[in-house]
Amino acid sequence: MTNVKEKGPEVTLSPPVDAGNGLKTQEMVINMGPQHPSTHGVLRMELTLNGEIVTRAIPHIGYLHRCFEKHSEAMNDYNKVVPYVDRMDYVAAMNNELGYAIAMERLMDIQVNDRVEYIRVLMAELQRIASHLLALGTFGLDIGAFTPFLYCFIEREKILDIFEKASGARLLYNYIWIGGLMNDVPADFKTDTAAFVKSFRPKIKELNDLLSHNKIFIDRTANVGVLPDKVAINYGVSGPSLRGSGVAWDLRKDDHYSIYDRFEYDVIVGKGEMGTVGDCWDRYIVRVWEMEESLKIIEQALDQMPDEGDVQEAIPKKIRPPAGEIYCRTETPRGELGYYIISDKSTTPFRVKARAPSFVNLSVLPAISVGAMVADMVAIIGSIDIVLGEVDR
Amino acid sequence: MQQFLESFLPAGPVVVFVFSIIPLMIILIYALFAIWLERKVAGHIQDRLGPMQTGGWHGWAQTIADLLKMIQKEDIVPAKADRFLFKMAPFIAFAASYAAFVAIPFSSGYIGSMIDVGVFYIVAITSLLSVSIIMAGWASNNKWSLLGAMRTAAQTVSYEVPTVVTILSVIIVTGTLNLMEVTEMQTGNAFLGFLPNWFIFHSPFMMIAFVLFFIASLAESHRVPFDLPESESELVGGYQTEYSGMRWGLFMLTEYADMLLLSLVGATLFFGGWNSPFGSFMDGPVWGAFWMLLKGMVLVFVMMWLRWTLPRLRVDQLMNLCWKYLIPLSFVNLVLIALWEMIF
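Residues numbered from 1 in each chain as written. Chains lettered and ligands numbered in written order. Predicted model: local features only at pLDDT ≥ 70, side-chain atom pairs only at ≥ 80, totals over all residues.

Draft legend 1. Fine view of the overall build of chain A. Secondary structure summary: chain A contains 15 helices and 10 strands in total. In terms of overall size, chain A behaves like a compact globule, its C-alpha atoms giving a radius of gyration of 22 Å where 393 residues would be expected to give roughly 21 Å. For chain A, the C-alpha atoms occupy an extent of roughly 80 × 50 × 40 Å along the three principal directions. Across the 393 residues in chain A, those meeting the buried criterion constitute 49%. A sequence separation of at least 24 residues applies to 70% of the contacts in chain A between residues at least 6 apart. (Helix = DSSP H or I, 4+ residues; strand = E, 2+ residues; numbered from the N terminus. Rg over C-alpha atoms; globule rule 2.2 N^0.38 Å. Buried ≥ 20, exposed ≤ 12 C-beta atoms within 10 Å, placed from the backbone. Contact = placed C-beta atoms within 7 Å.)

Draft legend 2. Representation of the nonpolar core in the model. Counting 195 residues, the largest nonpolar core has Met94, Met377 and Ile380 of chain A together with Leu260 of chain B as its most contacted members. The leading source of residues in this core is helix α4 (residues 114-143) of chain A, at 17 residues. When residues no more than four places from it in sequence are discounted, the contact partners of Leu260 of chain B are Ile27, Tyr30, Gly296 and Val300 of chain B. (Core = buried A, V, L, I, M, F, W, Y, C linked by C-beta atoms within 7 Å.)

Draft legend 3. Main features of the interface of chain B and chain A. Contacts between the two partners involve 21 residues from chain B and, on the opposite side, 25 residues from chain A. Of all the elements in the fold, those that place two or more residues in the side of chain B that touches chain A are α7 (143-174), α10 (232-235) and α13 (315-343) of chain B. The dominant element in the side of chain B that touches chain A, judged by the number of residues it contributes, is α10 of chain B, at 3 residues. Across the side of chain B that touches chain A, the residue classes tally to 10 nonpolar, 5 polar and 6 charged. (Nonpolar A, V, L, I, M, F, W, Y, C, P; charged D, E, K, R; others polar.)

Draft legend 4. Molecular detail of helix α4 (residues 83-100) of chain B. All names here are of chain B. Between its first and last C-alpha, α4 extends 27 Å over 18 residues, near the 26 Å set by a 1.5 Å rise per residue. At Ala89, α4 shows its maximal kink, close to 30°; a proline, Pro90, follows between one and four residues later. Every buried residue belonging to α4 is among Phe86, Ala89, Pro90, Ala93, Phe94, Ala96, Ser97 and Ala100, and all of these are buried. Looking at the packing, one finds that the buried side of α4 touches α5 (118-126), α6 (128-139) and α11 (245-270). (Expected span 1.5 Å × (residues − 1). Bend = angle between axes of the 7 residues up to and from the residue.)

Draft legend 5. Structural context of the confidence of the model for chain A. Of the residues in chain A, 96% reach a pLDDT of 70 or more, and the chain-wide mean stands at 86. For chain A, strand β1 (residues 17-18) of chain A is the element with the lowest average pLDDT, namely 74, and helix α11 (residues 280-304) of chain A is the one with the highest, namely 91. (pLDDT = per-residue confidence, 0-100.)

Draft legend 6. The arrangement of helix α12 (residues 285-307) of chain B in detail. Residues and elements named next belong to chain B. In a regular helix each residue adds 1.5 Å, so 23 residues correspond to 33 Å; α12 covers 33 Å between its end C-alpha atoms and thus fits that length. Turning to α12, its buried residues are Gly288, Trp291, Met292, Leu293, Lys295, Gly296, Leu299, Val300, Met303, Met304 and Arg307. Those residues of α12 hidden inside the fold are in contact with α2 (13-45), β1 (105-107), α9 (204-220) and α11.

Draft legend 7. Expanded view of unusual backbone geometry. Residues and elements named next belong to chain A. Of note, Asp109 is a non-glycine position whose phi angle comes to about 60°, a positive value. Mapped onto the secondary structure, Asp109 falls in the loop between α3 (93-108) and α4. Residue Asp109 is classed as exposed on the basis of its C-beta count, with 8 C-beta atoms lying within 10 Å. Its identity is not glycine, yet His256 carries a phi of approximately 50°, on the positive side.

Draft legend 8. Region of interest: the packing of α7 of chain B against α9 of chain B. All names here are of chain B. For the pair α7 and α9, the least separation of the axes is 9 Å and the interaxial angle reads 150°. When the axis of α7 is compared with that of α9, the two are roughly antiparallel. Here the hand of the crossing between α7 and α9 comes out left-handed. Between α7 and α9, the residues in contact are Gln155, Thr156, Tyr159, Glu160, Pro162, Thr163, Thr166, Ser169 and Val170 and Ala209, Leu212, Phe213, Ala216, Ser217, Ala219 and Glu220, respectively. Tallied by class, the residues present in the contact of α7 with α9 amount to 8 nonpolar, 6 polar and 2 charged. (Axes fitted to C-alpha atoms, helices over the stretch in contact; angles between N-to-C directions. Parallel < 35°, antiparallel > 145°, perpendicular 65-115°, else oblique. Left-handed = near helix turned anticlockwise from the far one by under 90°.)

Draft legend 9. Representation of the sheet that holds strand β4 (residues 44-50) of chain A within the structure. Residues and elements named next belong to chain A. Taken in spatial order, the 3 strands line up as β3-β4-β5 in an open sheet, and their pairing is antiparallel. A strand with exactly one partner marks an edge of an open sheet, and here the two such strands are β3 (28-32) and β5 (53-60). Each adjacent strand pair in this sheet contributes to an overall mean axis angle of 20°, direction not counted. Judged from the 7 bridges that link them, β4 and β5 form a sheet pairing that is antiparallel. Following the sheet pairing, Met45 is matched in β5 by Pro59. (Pairing = 2+ DSSP bridges.)

Have a look at this one:
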């Protein structure tokens, strides 16, 4: 066996303490992950434990690194980056595509027609619900409630069916292209989506009855992993994790991209109903009510959506943006996803840099997990809702 | 029962042997059934069907297939494990719960051994379980296993107190520790004219005692919401992390055997044991075994139902629940039952 030296910060343990009866106690270092059922992928947490209490937590990442940015620089067409964008946050691929498409359209100054805009918003909001369902379900699973997870998956499945009819894929769609869409939605898209909205509303109540207001669930998540608003802002946390701390910051409202100005909806913030503002329960419940807000947007978009329009009319024959650079950010289910794209006037991107919300949100973990128990660590990781595909890219 | 066996079997050791492996047969058949049932209950609670293929009718042979698979698996012992303790632990765990079945009166005609301190014996012998779990956790030489084992030790020792106190409150009424005699005292019907003469209907405090006993027994058999020793989403698998194949299967068998054991103790103490709920209708030794197992299975079903509904408590909340609520309540209840016995 070769001796592999571990990189990263050195962990120094406190010296052994005499417990008073001749026995000595010392802190223990334990690896949580990369093969662990509750790290949502391949995150490795290096925990220093005093009994069951965490005194230090260091996240180690990079187990799912797939060179997204380098791959993008090797593509001879800007549209070929879209499938790679899908694979970053693979449970919210539509939102990733939307951000990339908007960034490129701004760089090239392309205007898309209303039908494209409405379909994009519908897809993005459906994807937001699907992504939140997965986050809530797996969060419940981390706490030990198995059944809500499968209830969430039943609903998520219906959304994936709608996506499959439109794009042919269920997870990684390659549907939103620069300047348009891969193809128009099928004829029954509107009725399918309306039927889903109608059937999904009661399910939110069911989820609340089964999990959100369960006494054991509240005990496990309220006052755990409290993230004060100042700390959240200092670390650059965004998305539901930031709103859970009571900061009303939603790029859909604050950055005016796409056509989100045309809809009536609220920004949900955590109020600390069950404990302190910014605890795990707040981050959880923000996601629950955001699904309700997304339903509102979907209903309005279905009403306003024009039936006429070619979804491919603005797609350029050859994508050759002018030399320049752009940073464009959108609100994905996990927070602020920014694309920094540099063009050198060729058909190949010079640089595509993604500011991934999961990566930034993960950085706050060591700050809020000191003093928590091992079981709380699981709840905190689950409530921040990271996707390792996006952390490592 | 022993005389019945002696009438057609060669006398002596063979009869004793057959007589003593009857609980083992019951446990094994029950475990095959209960694991299948757990999957079906989980499936239906979660809006799906559970196993449907193996064996034909509703996947009845799924557990048998799994058992065959587990027996064929490689017996893996971690390189730095304490081999002897690691290999012994599952057997001690199972032996503890199997040994406890000897004092359970399955019917008026069959009890493994007429021990006069039956309940006391059961409580004492099941304590061995925590020893075996600490053995498993320590011998695995794995930090996660050790954390799981530590939790288990704390949990089992704590929850034995409310279990014993609630059992004690029944003993105040019966005046005997022999479970056969406890059951016989509940024979007959017509308490209040229509209810069977079971201890659960004896007084309102008995109902409270049963609820406390049931919660404590959930914790003792490590079922949700108290399944912290395993808690697969936090501790990977707790003390079971390093186990595979049939040794892991034995731990699983122990968990299911413990569920049945505590359910049967609950059924005997509170629900009349092998007594028919309809007075002398459908009564007798054979029907008795049927009623006893049915009552046990109903309680086992409730445990499964809870498992697929509730989240899991944290280890400090588990201790809070025990020391701050269950133990004081069970002591108060004990005093109230004693007063009730004095007055009526």
